[in-house]
Amino acid sequence: MSTDPTPINAELADYVRDHAGGRDQVLLKVEEQTAAMGSISIMQTAPEQAAFLEMLVRLTGAMRALEIGTFTGYGAIRIARGLAPDGSLTCFELDGERAAVARANLDEAGVGEKVEIVVGPAIEGLRALPDEAAVDFAYLDADKTGYPDYYEEIVRRLEHRGIRIVGVSDGYDTASGKGRKLLRGMRGLLNEVYLDDLRDKVHRGLDGQIARGFHAGGMSYGYRSVPVGLTARGEAE
């Protein structure tokens, strides 16, 4: 097996997306509903990434999950479906109208009873949670400028083997003023992830190379914080 990464072009990305498992009629309806929202539809978690989220939740047997940035509820549906039967998901969404859309979609998907949606600034909601390591799975895909603060609040509440997933790119133009601000937020987060890995290895006396991974847009994942993923069109940044 080669250690070189497999180049993923738009054609291959479309193939992976079209063959992502679990895309039932409810999810297809949410995809269509979100696409009709215009340019902001790029904030939806891609179908293949959402399928990956559900797989990770199932594999880890997660009971308590968080999602920061719920939008229309697409990713939340997949996370909730992967939870243990008596598991729960707490979502944080700033926009009340989007939260209402997500609630309707979660209920239609049959997972509404597992999910609480907290409307308002996510940082306030996170800080209001019990300050204890009780979270098994966390998915962060919200405003990028707030990532370092969100990350800090999430990590302190993660159970020892809890998994954190971070949405890295929404396809912003990093040459623009807004794009540069978002990029600074992401760099701050990735630096924090690196330092967190370093602290973890020093604390536990672990040997081996620090898992810094690479940044190509899309997602970063793991309790060793290895960034992976693609841009919205499946092309490396």
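Here the structure is shown first, and the text comes after it.
Source: prediction; values computed, not measured.

Caption draft 1: Unusual backbone geometry, seen in detail. With phi around 55°, Phe71 is a residue other than glycine that occupies positive phi space. Within the secondary structure layout, Phe71 lies in the loop between strand 1 (64–68) and helix 4 (74–82). Phe71 sits in the buried class, given a relative accessible area of 5%.

Caption draft 2: Molecular detail of the side chain of Arg81. By secondary structure assignment, the location of Arg81 is in helix 4. Ignoring anything within four residues of it in the chain, the contact list for Arg81 reads Gly22, Asp24, Val26, Leu27, Glu54, Arg58, Ala109 and Val111.

Caption draft 3: Representation of the packing of helix 2 (residues 25–35) against helix 5 (residues 96–108) within the structure. As a packed pair, helix 2 and helix 5 sit with axes 10 Å apart at the nearest point and diverge in direction by 160°. Between helix 2 and helix 5, the angle falls in the class roughly antiparallel. With respect to the hand of their crossing, helix 2 and helix 5 are arranged in right-handed fashion. Across from Val26, Lys29, Val30 and Gln33 in helix 2, the residues of helix 5 making contact are Val101, Asn105 and Glu108.

Caption draft 4: Here's a closer look at the packing of helix 3 (residues 47–60) against helix 4. Their axes nearest at 7 Å, the elements helix 3 and helix 4 cross at an angle of 25°. The pairing of helix 3 with helix 4 is recorded here as roughly parallel in orientation. The two elements helix 3 and helix 4 cross, and the hand of that crossing is right-handed. For the pair formed by helix 3 and helix 4, the contact residues are Pro47, Ala50, Ala51, Leu53, Glu54, Val57 and Arg58 on the first element and Tyr74, Arg78, Ile79, Arg81 and Gly82 on the second.

Caption draft 5: Layout of the pattern of salt bridges. In total, this model carries 9 salt bridges according to the counting rule given. Note that Glu108 is salt-bridged to Lys29, the shortest N-O span being 3.3 Å. You can see Glu108 sitting in helix 5 and its partner Lys29 sitting in helix 2, a full 79 residues away along the chain. Judged by its relative accessible area of 44%, Lys29 falls in the partly exposed class. Where Glu54 meets Arg58, a salt bridge forms, and the shortest distance between an N and an O atom there is 3.0 Å. Of this pair, Glu54 and Arg58 both sit in helix 3, 4 residues apart, roughly one helical turn. What makes Glu54 buried here is its relative accessible area of 10%.

Conventions adopted
Residues numbered from 1 in each chain as written. Predicted model: local features only at pLDDT ≥ 70, side-chain atom pairs only at ≥ 80, totals over all residues. Heavy atoms only, no water. Helix = DSSP H or I, 4+ residues; strand = E, 2+ residues; numbered from the N terminus. Buried < 20%, exposed > 50% of the residue type's maximum accessible area, 1.4 Å probe, protein only. Contact = heavy atoms within 4.5 Å. Axes fitted to C-alpha atoms, helices over the stretch in contact; angles between N-to-C directions. Parallel < 35°, antiparallel > 145°, perpendicular 65-115°, else oblique. Left-handed = near helix turned anticlockwise from the far one by under 90°. Salt bridge = Lys/Arg side-chain N within 4 Å of Asp/Glu carboxyl O.

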